[in-house]
Amino acid sequence: MASRETILARVRSALADVPSTETPDDVPVPRDYQHTRPGPDLVELFVDRLMDYRAVVHLDTPVAELARGRGRLMVPPGTPGEWLSGVDVARDDPPLTATELDHLDGVLTGCAVAIAETGTIILDGGPAQGRRALTLVPDHHLCVVHREQIVRTVPEALQRLDPTRPHTWISGPSATSDIELDRIEGVHGPRTLEVAIL
Amino acid sequence: MSSTFVGMPSFPKAASRAVGNAQLRHNLHKATHTIRDKRAAAVAEQPDWDDLRAAGAALKNRVLRHLDLYLEQLEEAVQRAGGHVHWAADAAEANRIVLSLVRATGETEVVKVKSMATQEIGLNEALAEEGITAYETDLAELIVQLGDDLPSHILVPAIHRNRAEIREIFQRAMASWGRPAPADLTDDPRALAEAARLHLRERFLSAKVGISGANFAVAETGTLVVLESEGNGRMCLTLPETLISVVGIEKLVPTWQDLEVFMQLLPRSSTGERMNPYTSMWTGATEGQEFHLVLLDNGRTKVLADTVGRQALRCIRCSACLNVCPVYERAGGHAYGSVYPGPIGAILTPQLRGFGSELDESLPYASTLCGACYDVCPVAINIPEVLLDLRAKVAASGAHKGEKLAMAAARRVLSSPGLLGASQRTAGRFRKLTPRRLPGPLSAWTDTRDIPAPPPQSFRDWWASREEK
């Protein structure tokens, strides 16, 4: 505990120039940036951005049709029954080990929010999403996004999220640019990201 | 990794060696130009970039001016969410804390997400001394670790290596760290990435302890944020039973909603993408995991005490300043002798470490003051301003004795018209004898400049003779 006091004392003495009456709110933060803005149709924009990341996109195709014949898919708690007709399903109950997850063919989830401008899908562990490992270890992620879950900008998305939940923001399949700055899809996360927009 | 930045020569010495390496210069030129073009396009697409930049700078100022308050707020929020908070005054203490936490798990191996803070404190080396192996999992960090090399860029630590060199490193070293590289490995980046995936897969799935840094820590909620691309971050943050995050005390942002500014600034400025492939955000102990946050000072409060240099603590480690710097592009990252290279390193390293060495005293001079770094900085750090301030401090500290002697002599001559005239006439008389290069320590000046030949007659003498006529 000694270092806690040492560091806080160092901070306070380093800030000797800050008037003792000043509060954080006295430090002005200009908020002239845009919360949202006009632009192309949300779905169109979202699809464009997803394709840019080389994700596979489906519009208004029944989920079960996309999920059938894809091998064994992890299905988190809260997944609607109509997505699953004829699908070979694995459940996380009791919880699977990482190695067991690695042997599955893919994972089928919903999401919490999606950001059109950046082509981002956000999972928060809510219904049809499950714990974070479920969408990480299997090599194929099929994610369902409802139109009303799509917002245009990052600020709009943050406003809809609950900070106490764990979040995973996904923008395209796993990728790296570490070799000569060439972007290559597919390193440790799912190498295929498929998005079904309903 | 046995390589270390300790005992590096001064910047000009290390840089002149790097500039002589044609392969390195080629790799760096290609990489920095590729990424700066990508960044420019991503920034141009964001219509309110300048407003975001102003907000980002102001939010960081708010945090820094009230850092004690925000640190206590963060600590409380993390503890409320079931996490443990530790405070480390310096590198040695941070390493001791992490070591004891790892020991408590009984494990001898840990997986790591790329983290500047843990590189800064030499965590891997400290753990290795105690028999604990830290496996780097970011592709570029893996290349550096397998190559027994040093990072040379904040975002792309192996930027100095090309694909052929990477293939060679993988073939030579993967076997001694774990799963060997495939026998038929080519230098196709796809094949190299696949080799890294296979090499690390088992390790991720069986890891019990993960170690990370954080890009942001939200004081209000206790939320930590890690941005990445490959999924190695998610693996290290999600799968292990114990997670230890080492975070510099300057990484705080006030509120959850404030992330809206930084989640727009960082990806576009860093990798030049609209958004990086993966971002993880978690608050305290998550999904049954044990979570430890280690708050690191290690010189940051010294930087905070300097009212000019303080702005360096706004840095969000995007590395845009490296990619536009004409000095970095030619000298490369190693010459800066620190995990923080480039313009931001030139102001951060000597402030964090103090002017204790020839290297640290030379860093504020590793710049042409062109100002490109300031232009691209997403939190508007005025790097040239801090460089000049640090130069003044180096000069005041008693360095540059020869230069000061010469300046004192010049002051005497220039303030006396008689002395000035006499020395000008003497120089003019012996102008044929002016050497091209100066001898001894003065040769450092003529290595890159010609001595101007003195004119046969000074302006004053010419003016006087004109009036006589």
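About the thresholds
Residues numbered from 1 in each chain as written. Chains lettered and ligands numbered in written order. Predicted model: local features only at pLDDT ≥ 70, side-chain atom pairs only at ≥ 80, totals over all residues. Heavy atoms only, no water. Helix = DSSP H or I, 4+ residues; strand = E, 2+ residues; numbered from the N terminus. Buried < 20%, exposed > 50% of the residue type's maximum accessible area, 1.4 Å probe, protein only. Contact = heavy atoms within 4.5 Å. Areas by Shrake-Rupley, 256 points an atom, 1.4 Å probe, with all protein chains shown as cover. Lys, Arg positive; Asp, Glu negative; His and termini not counted. Charge placed at Lys NZ, Arg CZ, Asp CG, Glu CD. Pairing = 2+ DSSP bridges. Axes fitted to C-alpha atoms, helices over the stretch in contact; angles between N-to-C directions. Parallel < 35°, antiparallel > 145°, perpendicular 65-115°, else oblique. Salt bridge = Lys/Arg side-chain N within 4 Å of Asp/Glu carboxyl O. Phe/Tyr/Trp six-rings, centres within 6.5 Å; stacked < 30°, edge-to-face > 60°. Lys NZ or Arg CZ within 6 Å of the ring centre and 35° of its normal. Buried area = accessible area lost by both parts, 1.4 Å probe. Polar contact = N/O pair within 3.5 Å; in protein donor to acceptor, adjacent residues only side chain to side chain. Nonpolar A, V, L, I, M, F, W, Y, C, P; charged D, E, K, R; others polar. Domains from an automatic or database assignment.

Caption draft 1: Structural view of the overall build of chain B. The number of helices and strands found in chain B is 23 helices and 10 strands. When the backbone C-alpha atoms are referred to their principal axes, chain B occupies close to 95 × 55 × 45 Å. Put simply, chain B has 469 residues, and 58% of those count as buried. In chain B, the proportion of contacts linking residues at least 24 apart, taken out of those at least 6 apart, comes to 74%. Looking at chain B as shown, the accessible area adds up to about 18600 Å², and 54% of this sits on carbon and sulfur atoms. On chain B, the mean spot of the 53 positive side-chain charges and the mean spot of the 54 negative ones are 10 Å from each other.

Caption draft 2: Broad picture of the sheet that holds strand S8 (residues 150-151) of chain A. Ordered in space as S8(A)-S5(A)-S6(A)-S9(A)-S9(B)-S6(B)-S5(B)-S8(B), the eight strands form an open sheet in which the pairing is mixed. Looking at the sheet topology across the chains shown, the edges are occupied by S8 of chain A together with strand S8 (252-253) of chain B. Looking at chain direction, strand S6 (residues 223-228) of chain B and strand S9 (residues 278-283) of chain B are connected through six bridges and run antiparallel. Within S9(B), the residue paired with B:Glu228 across the bridge is B:Tyr278. This element, helix H12 (residues 259-270) of chain B, spans strand S9 (167-170) of chain A together with strand S5 (216-218), S6, S8 and S9 of chain B of the sheet and lies at about 20° to S6(B).

Caption draft 3: The packing of helix H20 (residues 401-414) of chain B against helix H21 (residues 417-429) of chain B, seen in detail. All names here are of chain B. Taken N-terminus to C-terminus, the directions of H20 and H21 make an angle of 105°; their axes are 6 Å apart at the nearest point. Viewed along their axes, H20 and H21 adopt a mutual orientation that is roughly perpendicular. Packed against H20, whose contacting residues are Arg412, Val413 and Leu414, the element H21 presents Leu419, Leu420 and Ser423 at the interface.

Caption draft 4: Spotlight on the pattern of salt bridges. Inspection of the entire model under this criterion finds 48 salt bridges over all chains. Among the ionic pairs, A:Arg49 bridges to A:Asp48, the shortest N-O distance being 3.3 Å. Note that B:Glu250 is salt-bridged to B:Arg317, the shortest N-O span being 2.9 Å. With a gap of 67 residues between them, B:Glu250 in the loop between strand S7 (242-248) and S8 and B:Arg317 in the loop between helix H13 (300-305) and helix H14 (320-324) connect regions that are remote in the sequence. B:Arg317 matches B:Glu250 in its accessibility class, with the two residues each being buried. Shared partners join several salt bridges into a network, and the residues in it are A:Arg4, A:Glu5, A:Arg12, B:Asp68, B:Glu72 and B:Glu75.

Caption draft 5: Region of interest: the environment of B:Arg201. Checked against the element boundaries, B:Arg201 lands in helix H10 (residues 189-206). Overall, B:Arg201 belongs to the buried group, its relative accessible area being 10%. When near neighbours in sequence (up to four residues on either side) are disregarded, B:Arg201 contacts A:Asp102, A:Val137, A:His188 and B:Met235.

Caption draft 6: Layout of the packing of aromatic side chains. Residue and element names in this part refer to chain B. Using the criterion set out here, one finds eight aromatic pairs over all chains in the structure. Feature note: the residues Phe11, Tyr328 and Tyr336 constitute an aromatic cluster, connected by ring pairs. Note that Arg203 overlies the ring of Tyr135, its terminal NZ or CZ placed 3.5 Å from the centroid. A cation sits over an aromatic face here: Arg234 above Tyr278, 4.6 Å from the ring centre.

Caption draft 7: Seen up close, the interface of chain A and chain B. Across the boundary between the two partners, chain A contributes 76 residues, which contact 93 residues of chain B. Approximately 7400 Å² of surface area, both sides summed, lies buried where chain A meets chain B, with 56% of it carried by carbon and sulfur atoms. The tally of links between chain A and chain B comes to 18 salt bridges. Between A:Asp17 and B:Arg310 there is a salt bridge, with its nearest N and O atoms 2.7 Å apart. Viewed at the interface, chain B and chain A are joined by 45 residue pairs in polar contact (both at pLDDT 80 or more). Residue assignment for the side of chain A that touches chain B shows that the elements contributing at least two residues are helix H1 (2-14), helix H2 (42-52), helix H4 (98-102), helix H5 (154-160), S9, strand S10 (175-176) and strand S11 (184-185) of chain A. Examining the composition of the side of chain A that touches chain B, we find that eight residues originate from one element, H1(A), more than from any other. The residue makeup of the side of chain A that touches chain B, split by class, is 34 nonpolar, 19 polar and 23 charged.

Caption draft 8: Fine view of the domain arrangement of chain B. According to the domain assignment, chain B contains domain 1 (11-300) and domain 2 (412-468). Just the C-alpha atoms count here: the centres of domain 1 of chain B and domain 2 of chain B sit 56 Å apart.

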